[in-house]
Amino acid sequence: MANRDKKGRIMSKTEKTLKLMSMKNEDVEFSGVLADHDDVEAIRRSEAADERQLRQMDDDSWNIKE
């Protein structure tokens, strides 16, 4: 629906929502061949953050503290 819209035309809220939902379903692949230093650093930091989060969840044992 949004592909047929003319430039400059204001889309309705429904049209905006549909376009946003379709954009969120795009599949993005990571290419190690094309990765630069910043990409590699971002992945390393993301994995470290995941490890900290999992470790914290294990330590807390999902107990509710009052």
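One numbering rule holds for all chains: residues counted from 1, following each sequence as written. Restriction of local features to residues with pLDDT of at least 70 applies here, the model being predicted, together with a cutoff of 80 or more for giving and counting side-chain atom pairs; totals for whole chains, interfaces and linings are based on all residues. The side-chain numbers reported here are obtained from all heavy atoms of the structure, hydrogens and water having been left aside.

The name given to the protein chain in an unreviewed UniProt entry is YfhD family protein, with Paenibacillus dendrobii as the source organism.

1. What to know about the overall build of the protein chain
Inclusion rule: Secondary structure elements follow DSSP: runs of H or I of four or more residues count as helices, runs of E of two or more count as strands, with numbering from the N terminus. Exposure is judged per residue with a 1.4 Å probe applied to protein chains only, and the accessible area is read against the type maximum: over 50% gives exposed, under 20% gives buried, and values in between give partly exposed. What sets the accessible areas is the Shrake-Rupley method with a 1.4 Å probe; for residues, cover comes only from the shown protein chains.
Looking only at helices and strands, one finds 2 helices and 0 strands in the protein chain. The proportion of buried residues among the 66 residues of the protein chain is 3%. Total accessible area computed for the protein chain in this model is approximately 6800 Å², and 52% of it derives from carbon and sulfur atoms.

2. Some details on the pattern of salt bridges
Once their charged atoms are close, side chains differing in charge can pair, the charge on each being opposite to the other. Definition in use: For this document, the term salt bridge refers to a Lys or Arg side-chain nitrogen within 4 Å of an Asp or Glu carboxyl oxygen.
Enumeration according to the criterion identifies 2 salt bridges in this entry. The salt bridge involving E15 is made with R9; its shortest N-O contact spans 3.3 Å. The shortest N-O distance in the salt bridge between E41 and R44 comes to 2.7 Å. In this pair, E41 and R44 both sit in helix α2 (residues 37-60), 3 residues apart, roughly one turn of the helix. We classify R44 as partly exposed; its relative accessible area is 46%.

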